Amino acid sequence: MLTLRPGEHGSTYGGNPLACKVATAALEVLRDEGLSENSMARGKQLRAGISTLVGNTSIESVRGRGLLNAIIIDQPKGSYGDTGKAWDVCLQMKENGLLAKPTHGNIIRFAPPLTISEGEIDECLDIIEKSVIQVG
């Protein structure tokens with residue numbers, strides 16, 4: 001039977017004391033700064049704002065949880081990596097100051113930082129609306 005002896009195997013993600021201290025500090029920041037709660041509140045704000053665009057623009061629906069969200073554009077679904085209207089909207093959003101990832105030709109993913117503020121979400125919503133209207 002193959003048995004590892006001390007010093008024979010290493011790991012990038014191993015539990016060395018420094019890595020454990022860094023991980024503990026990161027978890028304390030998540031807890032102390034209320035980042036999970038902020039994620040849920042800002043995600044609800046984002047989805048509520050985008051929901052007002054459904055039916056009035058090329059956005060068919062919005063979905064997500066916390067700050068991981070997506071919008072569906074009124075175009076048939078393609079394969080992963082296909083370009084389409086979602087790509088065009090993402091390019092327009094980039095020009096207007098917001099980065100997002102298109103996928104399957106008709107889906108745009110949003111994954112803002114856990115520290116995003118209410119005002120920054122409002123700014124994102126303005127850019128999303130402007131960009132979707134510009135693309136048509």
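Cut-offs applied
- Residues numbered from 1 in each chain as written.
- Predicted model: local features only at pLDDT ≥ 70, side-chain atom pairs only at ≥ 80, totals over all residues.
- Heavy atoms only, no water.
- Patch = residues over 30% accessible without salt bridge, like charges linked within 9 Å, V, L, I, M, F, W, Y side chains within 5 Å.
- Areas by Shrake-Rupley, 256 points an atom, 1.4 Å probe, with all protein chains shown as cover.
- Salt bridge = Lys/Arg side-chain N within 4 Å of Asp/Glu carboxyl O.
- Lys, Arg positive; Asp, Glu negative; His and termini not counted.
- Charge placed at Lys NZ, Arg CZ, Asp CG, Glu CD.
- Helix = DSSP H or I, 4+ residues; strand = E, 2+ residues; numbered from the N terminus.
- Buried < 20%, exposed > 50% of the residue type's maximum accessible area, 1.4 Å probe, protein only.
- Core = buried A, V, L, I, M, F, W, Y, C linked by side-chain atoms within 4.5 Å.
- Contact = heavy atoms within 4.5 Å.
- Pairing = 2+ DSSP bridges.
- Axes fitted to C-alpha atoms, helices over the stretch in contact; angles between N-to-C directions.
- Parallel < 35°, antiparallel > 145°, perpendicular 65-115°, else oblique.
- Left-handed = near helix turned anticlockwise from the far one by under 90°.

Undergrad: Could you give an account of a positive patch on the surface, naming the residues involved and the relevant values?
TA: Together, Arg63, Lys77, Lys101 and Arg109 make up a positively charged patch on the protein surface. The residue arginine 109 is located in strand 4 (residues 107-110) in this model. Arginine 109 gets classed as partly exposed once you look at its relative accessible area, which sits at 37%.

Undergrad: Please give an account of the nonpolar core that cites residues and values.
TA: Looking at soluble globular proteins, one finds that nonpolar side chains tend to be buried together. Counting residues in hydrophobic clusters, the biggest one holds 21 residues, and the most contacted among them are Ile50, Ile59, Met93, Ile108, Phe110 and Ile128. At the level of elements, helix 2 (35-51), strand 2 (68-73), helix 3 (85-96), strand 4 and helix 4 (118-135) are the ones that each hand at least two residues to this core. It is helix 4 that contributes the most residues to this core, six residues altogether. Other than its neighbours up to four places away in sequence, isoleucine 59 contacts Ile50, Leu53, Val54, Ile71, Ile72, Ile73, Ile128 and Val132.

Undergrad: So what's going on with the pairing of strand 4? Residues and values would help.
TA: Pairing of strand 2 with strand 4 involves four bridges; the strand directions are antiparallel. Bridge assignment links alanine 70 to a residue of strand 4, and that residue is arginine 109. Inspection of the sheet shows strand 3 (residues 101-103) paired to strand 4 by three bridges, in the antiparallel sense. What sits directly across from proline 102, in strand 4, is isoleucine 108. Here strand 3 folds back onto strand 4, and the loop between the two strands holds three residues, one of which, histidine 104, carries a positive phi near 60 degrees.

Undergrad: Give a description of the side chain of serine 58 that names residues and reports values.
TA: Following the sequence through the fold, serine 58 ends up in the loop between helix 2 and strand 1 (59-65). Residue contacts for serine 58: discarding those within four places in its chain leaves Ile72, Ile73, Asp74, Lys85, Val132 and Gly136.

Undergrad: Lay out the packing of helix 3 against helix 4 with the relevant residues and their values.
TA: Packing of helix 3 against helix 4 leaves a shortest axis separation of 9 Å and a crossing angle of 125 degrees. If you check the angle between helix 3 and helix 4, you find them oblique. In this structure, helix 3 crosses over helix 4, and the sense of that crossing is right-handed. Residues Lys85, Asp88, Val89, Gln92, Met93 and Asn96 of helix 3 form the contact with helix 4, whose participating residues are Ile127, Ile128, Lys130, Ser131, Val132, Gln134 and Val135.

Undergrad: So, the packing of helix 2 against helix 4: which residues are in play, and what are the values?
TA: Axis angle and axis distance: for two packed helices, these are the angle between their axes and the distance between the axes, and together they describe the pair. Taken N-terminus to C-terminus, the directions of helix 2 and helix 4 make an angle of 25 degrees; their axes are 10 Å apart at the nearest point. The pairing of helix 2 with helix 4 is recorded here as roughly parallel in orientation. Here the hand of the crossing between helix 2 and helix 4 comes out right-handed. Between helix 2 and helix 4, the residues in contact are Arg42, Gln45, Leu46, Gly49 and Ile50 and Glu118, Ile121, Asp122, Leu125 and Ile128, respectively.

Undergrad: I'd like a rundown of the pattern of salt bridges, residues and numbers included.
TA: This structure, assessed with the given rule, holds three salt bridges. The closest approach of N and O atoms between aspartate 74 and lysine 85, which form a salt bridge, is 3.0 Å. Placement of the pair is aspartate 74 in the loop between strand 2 and helix 3 and lysine 85 in helix 3, with a sequence separation of 11 residues. Of the residues examined, aspartate 74 reaches a relative accessible area of 37% and is grouped as partly exposed.

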